Amino acid sequence: MSDAIDINKSGGLPSEPRSVLRQLLAVRPIDAAPAGKARLKQVLSARALIAIGLGATIGSGIFVLTGTVASNHSGPAITLSLLIAAFGGGLAALCYSEFAAFLPVPGSAYSYTYATLGEALAWFIGWNLLLEYAISASAVAVSWSAYVVSLLADAHIHLPAALVNAPLGVDAHDHLITTGAIVNVPAVLIIAAMTVLLYVGVRWSAHANTLMVALKVGIIIIIVLAGLSYVTPANWRPYVPPNTGTFGHFGWSGVLQGAAIIFFSYVGFDTASTTALEARNPQRDLPVGILGALVISAVLYVAMASVLTGMVPYPKLDSDAPVAVALDAHPQLAWLSPLLKMGVIAGMTSVILTSLLGQPRILLSMADDGLLPPLISRCHSRFKTPHVATVFTGIGAALIAAVFPLDVLAFAVVCIGVLVLRKTRPDAYRPFRVPWAPFTCTLGALVCLAMTLALSNETWIRLLVWTILGMSIYAFYGFRHSRLRQ
């Protein structure tokens, strides 16, 4: 094997037996050839990487969370919540940029953790990133289906309810019930279509994503500019509404909790880092793509939130479609309604596409490390894509129904990993360096971990169950087949 790892030379496991604990903490040598380098096409420019980050970030969050967080947590200070979340995301993005330029591999946080903090923690991060990507795609696909059905209804095209809803649901007591539906056909079809697009090549996928990003960003700008004429500054007062007596419901606790909720919408730059081996010049373009996507996203989120809270009193924005509520309050803007639905659909489509883009590349990296079966690491000889992992991801995403964000844990680990690599490889060339690394990385890790305080108990329970399943797979397969032990 041409890219075999010399574990004695590079700091991995030595030839003599070691304790299980030391094997779990063994790191993958960073000098080994990146997995999949000869099997993937290097076609992505900095502009395409920015579009991939925006595709994963600008979705239902900007059309929904900007209103619901303002109504239930922050009030007009939603703009401050957005800036706090952007600050925390920016710290993580700086750390991602240094790693991506220094270690351009497709595994993102999984690979960065493997190179610094050990195999067991890397598996934990990679396993949970797989779930995060898959659930993101499937959950957004359900919302996409609802918007498409609504848009078709506006055109007097009505689809059977049994074919546009899930067969299972939950009641008011969170008990599983049957709905009488057969299958959510539009949701399955959009996942299938995006999977096929990713199967046939990253170049076409990137072009399609760039077009969708241009469309939704253009529509957002139109809505913001049109809405400015209907902003009433009195709706922004008081800027920070007094706390109602409940933590997180207005007041400064509401601002902070709003920031924690919004934070999960800013993390699309992780997807850009998973395409490291498909970038033309990863050392230069990946930091541009990661940081560029975050900055543009933050500006668009703040602009949308400012206009929404200025157009109508913030309590009215507690809706599944707060942008529509703001537009409906001003009949002169009725012409924007079709554009809004088109923007939401384009935004959700690009989120589905980029979610399905990121997961196969993490699977590829894990399989090349021996932690998953080698079948998953196969790449198509003609299309130069991880086609087996792509199909596996598409099928899994179509079947997943639950939603809970987990990537914030990976961000904290990446921030810590930068400091570890600065200590273990201080003389290595770094095309991009985190400024004031000890302060920036430490603060980034603390901010990311603080964001987890907003997660519900149910989320932590699901995380625990999924982690137990993943660590069982690692114990019975990954640990035994790891390339560090071959």
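Keep in mind the model is a prediction, meaning the values are calculated, not measured.

## Observations regarding the overall build of the protein chain
- The number of helices and strands found in the protein chain is 18 helices and 2 strands.
- Put simply, 79% of the contacts in the protein chain that link residues at least 6 apart link residues at least 24 apart.
- Roughly 20300 Å² of accessible area belongs to the protein chain as shown, and the carbon and sulfur atoms make up 68% of that amount.

## Describing a positive patch on the surface
- On the surface, a cluster of positive charge is contributed by K41, R203, R280 and R382.
- Take K41: its relative accessible area is 38%, and that puts it in the partly exposed class.

## Structural notes on the nonpolar core
- In terms of nonpolar packing, the biggest core is built from 127 residues, with Y266 and I352 touching the most fellow members.
- Residues contacting I352, with those up to four places away along its chain left out, are A137, V140, A141, W144, I190, I191 and M194.

## Some words on unusual backbone geometry
- Look at the link from R237 to P238: it is a cis peptide, with omega at -5°.
- In this fold, P238 is placed in the loop between helix 9 (202-228) and helix 10 (251-263).
- A positive phi angle, close to 55°, is found at S108, a residue other than glycine.
- Its place among the elements puts S108 in the loop between helix 5 (78-102) and helix 6 (109-116).
- Since its relative accessible area comes to 0%, S108 is described here as buried.
- Look at K384: it is not a glycine, yet its phi comes out positive at around 60°.
- Positionally, K384 belongs in the loop between helix 14 (337-368) and helix 15 (387-399).

## Structural notes on helix 12 (residues 282-311)
- For helix 12, spanning 30 residues, the distance from its first C-alpha to its last is 43 Å, which sits close to the expected 44 Å at 1.5 Å a residue.
- The buried count for helix 12 comes to 21 of 30 residues, which makes it a mostly enclosed element.

## Section: the environment of S381
- Within the secondary structure layout, S381 lies in the loop between helix 14 and helix 15.
- Taking the relative accessible area as the measure of exposure, S381 reaches 64% and is therefore exposed.
- S381 sits 341 residues away from L40 along the chain, and the two C-alpha atoms are 9.4 Å apart.

## Re the side chain of T274
- Note that T274 resides in the loop between helix 11 (269-273) and helix 12.
- Given a relative accessible area of 0%, T274 falls into the buried group.
- Here the side chain of T274 touches T271 through a polar contact of 2.6 Å, landing on its backbone oxygen.
- When residues no more than four places from it in sequence are discounted, the contact partners of T274 are P106, S108, Y133, G358, R361 and I362.

## Examining the pattern of salt bridges
- Per the counting criterion, the structure on display carries 2 salt bridges.
- In this structure, the salt-bridge partner of R284 is D285, at a minimum N-O distance of 2.7 Å.
- Given the relative accessible area of 53%, R284 is considered exposed.

## Brief notes about a nonpolar patch on the surface
- Together, L163, I182, V183 and V188 line one region of the surface with nonpolar side chains, adding up to about 300 Å² of accessible area.
- Residue position: V183 is located in the loop between strand 2 (176-178) and helix 8 (185-199).
- For V183, a relative accessible area of 32% puts it in the partly exposed group.

## Things to note about the packing of aromatic side chains
- For the structure on display, the rule yields 9 aromatic pairs.
- Relative to Y112, the ring of Y96 has its centre 5.9 Å away and its plane inclined at 80°; by these criteria the two rings are edge-to-face. Note that Y96 is positioned in helix 5 and Y112 in helix 6, a separation of 16 residues in sequence. Here Y96 and Y112 have matching classes, each one buried.
- An angle of 5° between the planes, with centres 4.7 Å apart, marks the rings of F99 and Y112 as stacked. Placement of the pair is F99 in helix 5 and Y112 in helix 6, with a sequence separation of 13 residues.
- Exposure remark for Y112: the relative accessible area of 1% places this residue in the buried category.

## Re the packing of helix 3 (residues 46-57) against helix 14
- At a minimum axis separation of 7 Å, helix 3 and helix 14 run at an interaxial angle of 115°. Put simply, helix 3 runs roughly perpendicular to helix 14. In this structure, the crossing between helix 3 and helix 14 has a hand that is left-handed. Together, I52, G55 and A56 of helix 3 and G347, S350, V351, T354 and L357 of helix 14 make up the contact between the two elements.
- Looking at the contact of helix 3 with helix 14 residue by residue, the class counts come to 4 nonpolar, 4 polar and no charged.

## Side note on the side chain of S365
- Positionally, S365 belongs in helix 14.
- Setting aside residues up to four positions removed in sequence, S365 forms contacts with R28, P106, G107, Y110 and S111.

## What about the environment of Y133?
- Position of Y133 relative to the elements: it lies in helix 7 (residues 119-154).
- Expressed as a C-alpha distance, the spacing of Y133 and A397, which sit 264 residues apart in the sequence, is 8.5 Å.
- In terms of polar contacts, Y133 uses its side chain to reach the side chain of D270, at 2.3 Å.

## Let's talk about the packing of helix 7 against helix 14
- Running from N to C, helix 7 and helix 14 point in directions that differ by 155°, and their axes come no closer than 8 Å. Considering the angle they form, helix 7 stands roughly antiparallel to helix 14. Between helix 7 and helix 14 the crossing geometry is left-handed.
- For the contact of helix 7 with helix 14, the residue count by class is 22 nonpolar, 8 polar and 2 charged.

The rules behind these values
- Residues numbered from 1 in each chain as written.
- Predicted model: local features only at pLDDT ≥ 70, side-chain atom pairs only at ≥ 80, totals over all residues.
- Heavy atoms only, no water.
- Helix = DSSP H or I, 4+ residues; strand = E, 2+ residues; numbered from the N terminus.
- Contact = heavy atoms within 4.5 Å.
- Areas by Shrake-Rupley, 256 points an atom, 1.4 Å probe, with all protein chains shown as cover.
- Patch = residues over 30% accessible without salt bridge, like charges linked within 9 Å, V, L, I, M, F, W, Y side chains within 5 Å.
- Salt bridge = Lys/Arg side-chain N within 4 Å of Asp/Glu carboxyl O.
- Lys, Arg positive; Asp, Glu negative; His and termini not counted.
- Charge placed at Lys NZ, Arg CZ, Asp CG, Glu CD.
- Buried < 20%, exposed > 50% of the residue type's maximum accessible area, 1.4 Å probe, protein only.
- Core = buried A, V, L, I, M, F, W, Y, C linked by side-chain atoms within 4.5 Å.
- Expected span 1.5 Å × (residues − 1).
- Polar contact = N/O pair within 3.5 Å; in protein donor to acceptor, adjacent residues only side chain to side chain.
- Phe/Tyr/Trp six-rings, centres within 6.5 Å; stacked < 30°, edge-to-face > 60°.
- Axes fitted to C-alpha atoms, helices over the stretch in contact; angles between N-to-C directions.
- Parallel < 35°, antiparallel > 145°, perpendicular 65-115°, else oblique.
- Left-handed = near helix turned anticlockwise from the far one by under 90°.
- Nonpolar A, V, L, I, M, F, W, Y, C, P; charged D, E, K, R; others polar.

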